[in-house]
Amino acid sequence: MALQRQFNFFDKVELKDPEDPSKSPEVFKSIESNVATSGRGHMVVADRSGLVHIIDKALQVESFLAYDSGRVTHMKQLRQRNILVTVGEEENAVQVIKFWDLDKPDRNKPGPTLERSIRVTQQGNAFPVSALAVLENLSQVAVGLANGTVVLIYGDLMRERTTAQKVVHQNDEPITGLGFKEQQKGALLYIATTAKVLLYNTSTKQTQTLDDQGGGLGCAVMNESTQELAIARDEAIFFYGPDGRGPAYGLDGAKTFISFYKSYLVLVSPPNIPLTATRTFGIQPASVSANDTTRLTVVDTANKFTAYQATFPQGIRSVICEWGSIYIVENGGKVYRLDEMDTSVKLDILFKKNMYLLAINLAHNQKYDNASIADIIKKYGDHLYNKGDYDGAMGQYVRTIGRLEPSYVIRKFLDAQRIYNLTSYLQELHSSGLANADHTTLLLNCYTKLKDVKRLDEFIKTDSDLTFDLETAIQVCRQAGYYEHAVYLAGKFEEHDLYLTVQIDDVKQYDQALAYMRRLGPIEADKNLQKYGKVLLTHLPEQTTQLLVDLCSGSLARIGSSSPTPGTASPVPTHTAGTHHGAFSMPSFPMGGPAGAVSPPVSSSASPNLAHQATFSPKLHGGVHSKYAPPSPRTFMSLFVDLPAYLITFLEKVSANRWPVATSASQSTMGSNLKTPAPNTHLNKPGSIGSSKKTVVGNDMTEKGSIGGASRFGLSNDQDMEERKAIWNTLLELYLADPPMASSSGKGQTMHVAELNRKSRDRIIKKEKCMKLLNDTEIPYDTNHALVLCHMAGFDEGIVFLYERMKMYTDILRLWIGRDDTAKVMECLRKYGPQEPSLYPLTLSYFSSSPSRLTSATPDLLKVLDHIDQQDLLPPLQVVQALSQTSVATIGMIKNYIGHRIEAERKERIEDQKQIQSYRQESEKKRREIDDLKTSARIFQVTKCSACGGSLDLPSVHFLCRHSYHQRCLSDSADRECPKCMVEQRTVADIRRMQEANAEKHDLFISELEDADDGFEVIAKYFGNNTMAFAKLIDGSI
């Protein structure tokens, strides 16, 4: 890969001596450096005399003698420990490796402490060291010799007294570079010669050839960050890993030095000399003058461009990387520092040159945040947009999704000519899940404008996860006439309300909507039937009524199959067989017309596409039928406003299902398929709707026992009772309502007569059902409400029945009096007169209300008077008052009745006087006896014991009641009371105490008074029992 782009991303600064700013640093002038290294905050240079100089950032120097009789050829500053490893020559050209601890000064001489020295073992003549590699843990050191030998020294080099050395490679080609790659087990050793690149595994002891070309001395170096070996040749720079040669960067020209600085590769190229000179083994060819121009190049290997290039006329002695900069030491002693520019400055340079891709890569390498990188990408997109490359610009804008405001991009591409690019951007925006409702609307409008039904299908159907605003998408599809897509979306994502709205309001597919609603289950079906039930009943009354029956009966099963319901339209075959989304079958929408042309969808309900619409099933989990509390049928009664016959069917079936009985009720002639009932059809017979027993109390019906419906559906008895009452009250009202008269226009008078006959028959049937409904004591209907309905319908039979149930006999008599039906009046009097005496005065008033009625009803009047007289039902005064309300009746008509009553009362008065006289005599006798006991002595002449009947002897006990006993015949508790009279006396005492207690129970007295037919009799009883004598007067002022 050729490095064609070149920039100047480094600032070159010449260093001056700290003491004399007009001169170059004296330290580099005085030191003829032979080799250099750096790390851990200092530079280390060595000269040919064996001295090592440590230079800090302030250019202060600390020197020490490393080798007495030779020069230092190689140095390595460790990164993890402050250890300096040097290689130099001792006497007889012996190569010695020394380890210096720079943190421990030597106590005996200037410089650091020498921790260890190791002589490099060579066979035969001694050859100079040409390459050095050291592991950071100091477990292995590799030394390359000029004769092509590589010696591996291993062991704990800082602690063990002896170390092991072995030759791992030997060839005639000089070693030009070494480098370790650490692994969990052992290490790999890269070996570079002038002709080859090798890899030695220190664990397996195996060597492999990576390349048949090598590199020159100083042109091979390890990249510490990537653990790769870099070799600079005249034509390019090559990288090597364990698998062989990797990437290469084309850079023509000879190279004499290579090093790494961060991610940069620093290269030093010699003056223009023959290529053969650069390949000779040695540090610097003798034919090259020190004053020739030398070039330094800094290559960004990550972004593949030249970051800096400069020439140095005096030649380069050393290149040292430390303190975040690159230091170049010229042969003349001048020192230059290369400082890397800030990334922002680099980016500005790239922006000016419109190199946005390079700027993006640079920002990535510098770990810029996503927002900053998105800003660069936006600039690149703006650049391409201004050039007219709209496709390329959109490609960049797409990369900014999530960081750049979408409206910025959308405004640029709102032109109709760029709508295709806008569509692509909006698609990516939805795929990222960052689109809002407006974006969804715009994207779908783009599809419809382009008439790109294929992409619309892909957008809607291939999205397994919802990445757009569903409601907006459905709304746009409806507005554009793509009803099939709207149905698909609503069904797939279980938007039941939207699905039904499209099916009912737009497509008019009522049967599919009803089938879908049935599969939703009771909760959703309840909600949607309340909303769409009226429309569905208008178009599909039979199926809708049956669905309502199942729902309110608690038997609506939720179907778990994803296949279409039998009888519904099957989906159109899909583009690819077996393509499904979740539990839904995925229909393909026919795209008719010539190739490449797409016809717009037809909004009419007769569209061919809509005729083959898919039926969706909601996603279910587990079983399909579970118990639930059925909704109240009252909720749906309003839907049947114009369909009373279906309302009757609905209520009857719900009642039969929710409150079944042991005996089967009469079957409805409408049939189980709910065919349209004719007005004269015999409707379902309302039967018993529960097995509970009821007791009629007044006009309420109380329940005895449990209610089957309540226990089955989890409803309370009160709630269940209210439901039953509401249903049957409504049924009664429907039975009593007149059926509407069918139109007979164009059919003539015959049809009108037939309609009247049919209506009459239907009324008879309904009233029969009303009576069966009212006669069934197990039906908990509201009797007051039923009475009002019967009155409104003029249903006399029902009125009489309800009055009788509520014991309102007077109202029954008034009903027949109002109808002027004497026979019914007499029948009512005979039936209810014994229970309700007040009927007689009312009947007498009725007979005497007019002369004509009295004339015709005189025999009946006399019969009534005889019955009153025989049964003593009314006092004569009340009879006279009833007949004297009008001047129609005469005294002669009741003369016999009055005579009989006067004679009977006279005899009764005589009997009462005799009984009073008897009570007076008895009371006087008791009074005299009491006085006698109080004033006179009682003489006991009894000779026998009243208990044992033996002769009475002493000791004996005598009582005032004239009973005597042996003392031994009496128990201890009977010494004060006569055993024979004790029971009677205690009974009297208990009665008296009860009278005293009842005297304080005013509520009991009032309750008896209210419940009694004759209140005077209750008062007389209290006076007779002397209860009033114990009552205390209550002062109302307290």
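Definitions and limits used
Residues numbered from 1 in each chain as written. Predicted model: local features only at pLDDT ≥ 70, side-chain atom pairs only at ≥ 80, totals over all residues. Heavy atoms only, no water. 1 Å grid on protein atoms, 1.4 Å probe; cavity = no way out; pocket = protein on both sides within 12 Å on 5 of 7 lines; lining within 4 Å. Points joined across faces, edges and corners; volume = space filled by probe spheres on them. Pairing = 2+ DSSP bridges. Helix = DSSP H or I, 4+ residues; strand = E, 2+ residues; numbered from the N terminus. Axes fitted to C-alpha atoms, helices over the stretch in contact; angles between N-to-C directions. pLDDT = per-residue confidence, 0-100. Contact = heavy atoms within 4.5 Å. Core = buried A, V, L, I, M, F, W, Y, C linked by side-chain atoms within 4.5 Å. Buried < 20%, exposed > 50% of the residue type's maximum accessible area, 1.4 Å probe, protein only. UniProt positions renumbered as here; feature names shortened; annotations may be inferred. Patch = residues over 30% accessible without salt bridge, like charges linked within 9 Å, V, L, I, M, F, W, Y side chains within 5 Å. Areas by Shrake-Rupley, 256 points an atom, 1.4 Å probe, with all protein chains shown as cover. Salt bridge = Lys/Arg side-chain N within 4 Å of Asp/Glu carboxyl O. Phe/Tyr/Trp six-rings, centres within 6.5 Å; stacked < 30°, edge-to-face > 60°. Lys NZ or Arg CZ within 6 Å of the ring centre and 35° of its normal. Disulfide = S-S within 2.5 Å. Expected span 1.5 Å × (residues − 1). Parallel < 35°, antiparallel > 145°, perpendicular 65-115°, else oblique. Left-handed = near helix turned anticlockwise from the far one by under 90°. Nonpolar A, V, L, I, M, F, W, Y, C, P; charged D, E, K, R; others polar. Lys, Arg positive; Asp, Glu negative; His and termini not counted. Charge placed at Lys NZ, Arg CZ, Asp CG, Glu CD. Polar contact = N/O pair within 3.5 Å; in protein donor to acceptor, adjacent residues only side chain to side chain.

1. Topic: empty space enclosed by the protein
Next up, step 1: This structure, assessed with the given rule, holds three cavities of 30 Å³ or more.
Next up, step 2: Here the second largest cavity is characterised by a volume of approximately 40 Å³.
Next up, step 3: Every residue lining the second largest cavity is listed: Phe28, Ile31, Ser33, Val45, Arg317, Ser318, Ile320 and Val329.

2. Some details on the sheet that holds strand S6 (residues 72-77)
Next up, step 1: An order of S6-S7-S8-S9 is seen for the four strands of this open sheet, with the pairing classed as antiparallel. The sheet is open, and its two borders are formed by S6 and strand S9 (112-119), each paired with just one other strand. Direction aside, neighbouring strands of the sheet carry axes that sit 20 degrees apart on average.
Next up, step 2: Of the strand pairs in this sheet, S6 and strand S7 (residues 83-89) are connected by five bridges, and their pairing is antiparallel. Counterpart to Gln77 in the pairing with S7 is Leu84.

3. Section: the pairing of strand S17 (residues 206-211)
Next up, step 1: Bridge count between strand S16 (residues 197-201) and S17: five bridges; the pairing is antiparallel. Bridge pairing in S17 links Leu199 to Gln208.
Next up, step 2: The hairpin turn running from S16 into S17, its antiparallel successor, is four residues long, and Lys205 in that turn takes a positive phi close to 60 degrees.

4. Side note on the confidence of the model for the chain
Next up, step 1: In the predicted model, the chain carries a mean pLDDT of 77, and 80% of its residues have values of at least 70.
Next up, step 2: Below pLDDT 50 for its whole length, residues 662-708 participates in 109 contacts with residues either more than four positions away or in separate chains.
Next up, step 3: Confidence over residues 1033-1038 falls short of pLDDT 50; this stretch has one contact with residues more than four positions distant or in other chains.

5. Structural notes on the nonpolar core
Next up, step 1: Of all hydrophobic cores here, the largest spans 157 residues; its most connected members are Phe10, Leu296, Ile326 and Phe650.
Next up, step 2: Here this core gets seven residues from one element, more than from any other, and that element is helix H20 (residues 717-736).
Next up, step 3: With sequence-adjacent residues up to four places away left out, Ile326 is seen in contact with Phe10, Tyr261, Val266, Val298, Val319, Ile320, Cys321, Tyr336, Arg337 and Leu338.
Next up, step 4: Counting 19 residues, the second-largest nonpolar core is a separate cluster that includes Ile83, Ile97, Ile118 and Val141.

6. With respect to the environment of Ser555
Next up, step 1: If you trace the backbone, Ser555 turns up in the loop between helix H16 (541-553) and strand S29 (580-581).
Next up, step 2: Its relative accessible area of 39% is what places Ser555 among the partly exposed residues.
Next up, step 3: For Ser555 and Lys627, which are 72 residues apart along the polypeptide, the C-alpha to C-alpha distance reads 8.1 Å.

7. Quick word on the UniProt feature "coiled-coil region" (unreviewed entry) in the chain
Next up, step 1: UniProt feature "coiled-coil region" (unreviewed entry): in the numbering of this structure it lies at residues 902-936.
Next up, step 2: In residues 902-936, helix accounts for 97% and strand for 0%; the two terminal C-alpha atoms are 51 Å from one another.

8. Structural notes on a nonpolar patch on the surface
Next up, step 1: Among the surface-exposed residues, Leu933, Phe940 and Leu960 lie close enough to one another that they form a single nonpolar patch of about 260 Å² accessible area.
Next up, step 2: Along the chain, the position of Leu960 falls in the loop between strand S33 (956-958) and strand S34 (964-966).
Next up, step 3: Its relative accessible area of 55% is what places Leu960 among the exposed residues.

9. What to know about the packing of aromatic side chains
Next up, step 1: Applying the stated rule across the entire model yields 23 aromatic pairs.
Next up, step 2: Seen from their ring centres, Tyr385 and Tyr390 are 5.2 Å apart, and the 70 degrees between their planes marks the pair as edge-to-face.
Next up, step 3: Taken together, the ring pairs in this structure connect Tyr385, Tyr390, Tyr397, Tyr408 and Phe413 into an aromatic cluster.
Next up, step 4: It is Lys12 that lies over the ring of Tyr336; its NZ or CZ is 4.5 Å from the centre.
Next up, step 5: Over the ring of Tyr67 we find Lys98, and its NZ or CZ is 4.4 Å from the ring centre.

10. Points about the state of the cysteines
Next up, step 1: Scanning the entire structure with this criterion turns up zero disulfides.
Next up, step 2: Between Cys978, a cysteine without a disulfide, and Cys961, which holds the nearest cysteine sulfur, the sulfur-to-sulfur distance is 3.6 Å.
Next up, step 3: What makes Cys978 buried here is its relative accessible area of 3%.
Next up, step 4: Summary of cysteine pairing: Cys981 is not part of a disulfide, and the nearest cysteine sulfur, belonging to Cys961, is at 3.6 Å.

11. As for the sheet that holds strand S19 (residues 228-232)
Adjacent strands of a sheet pair through backbone hydrogen bonds, lying either parallel or antiparallel.
Next up, step 1: The strand order S18-S19-S20-S21 describes an open sheet built from four strands, whose pairing is antiparallel. The open sheet has two free edges, formed respectively by strand S18 (220-223) and strand S21 (244-250), since each of these has just one partner strand. Going across the sheet, the axis of each strand differs from the next one's by a mean of 25 degrees, ignoring polarity.

12. Here we look at helix H18 (residues 644-658)
Next up, step 1: The first and last C-alpha atoms of H18 sit 21 Å apart over 15 residues, in line with the 21 Å expected at 1.5 Å per residue.
Next up, step 2: For H18, the full list of buried residues reads Tyr646, Leu647, Ile648, Thr649, Phe650, Leu651, Glu652, Val654, Ser655 and Arg658.

13. A few points about the packing of helix H13 (residues 496-507) against helix H15 (residues 522-539)
Next up, step 1: Remark: H13 packs on H15, axes separated minimally by 11 Å, with the N-to-C direction vectors making an angle of 15 degrees. Between H13 and H15, the interaxial angle falls into the category roughly parallel. For the pair H13 and H15, the crossing hand works out as right-handed. Judged by residue contacts, His496, Asp497, Leu500, Thr501 and Ile504 of H13 engage Glu524, Asn528, Lys531, Tyr532, Val535 and Leu536 from H15.

14. As for the pattern of salt bridges
Next up, step 1: Considering all chains together, one arrives at 26 salt bridges under this definition.
Next up, step 2: Among the ionic pairs, Glu924 bridges to Arg927, the shortest N-O distance being 2.9 Å. Taken together, the residues span about one helical turn, with Glu924 and Arg927 both in helix H30 (residues 895-935) at a distance of three residues.
Next up, step 3: Taken together, the shared-partner salt bridges connect Asp211, Arg233 and Arg245 into one network.

15. Topic: unusual backbone geometry
Next up, step 1: The omega torsion of the bond from Leu954 to Pro955 falls at -10 degrees, within 30 degrees of zero and hence cis.
Next up, step 2: Tracing the backbone through its elements, the reader meets Pro955 in the loop between H30 and S33.
Next up, step 3: At Lys807, a position not held by glycine, the phi torsion is positive, near 60 degrees.

16. Considering helix H4 (residues 356-365)
Next up, step 1: Of the residues making up H4, those classed as buried are Tyr356, Leu358, Ala359, Ile360, Leu362 and Ala363.
Next up, step 2: Looking at the buried residues of H4, the elements they touch are strand S24 (294-300), strand S25 (305-312), helix H3 (343-352), helix H5 (370-387) and helix H6 (390-399).
Next up, step 3: One or two positions beyond H4, positive phi appears at Lys367, with a value near 60 degrees.

17. Topic: the environment of Lys57
Next up, step 1: Take Lys57: it is sitting in the loop between strand S4 (51-55) and strand S5 (61-65).
Next up, step 2: When the C-alpha atoms of Lys57 and Met43 are compared, they prove to be 8.3 Å apart, with 14 residues separating the residues in sequence.

18. A few points about the packing of H16 against H18
Next up, step 1: Remark: H16 packs on H18, axes separated minimally by 9 Å, with the N-to-C direction vectors making an angle of 30 degrees. Between H16 and H18, the interaxial angle falls into the category roughly parallel. In this structure, the crossing between H16 and H18 has a hand that is right-handed. Together, Pro541, Glu542, Thr545, Leu548, Val549, Cys552 and Ser553 of H16 and Tyr646, Phe650, Lys653, Val654, Asn657 and Arg658 of H18 make up the contact between the two elements.
Next up, step 2: Of the residues in the contact of H16 with H18, the class split is seven nonpolar, three polar and three charged.

19. Some details on a negative patch on the surface
Next up, step 1: Taken together, the side chains of Glu905, Glu908, Glu911 and Asp912 define an acidic patch exposed on the protein surface.
Next up, step 2: Glu911 sits in the partly exposed class, given a relative accessible area of 48%.

20. Focus: the side chain of Asp211
Next up, step 1: Locating Asp211 in the fold gives a position in strand S17.
Next up, step 2: The exposure class of Asp211 is buried, given its relative accessible area of 12%.
Next up, step 3: Here the side chain of Asp211 touches Tyr240 through a polar contact of 2.4 Å, side chain to side chain.
Next up, step 4: Setting aside anything within four residues of it in sequence, one finds Asp211 in contact with Lys196, Val197, Arg233, Tyr240 and Arg245.

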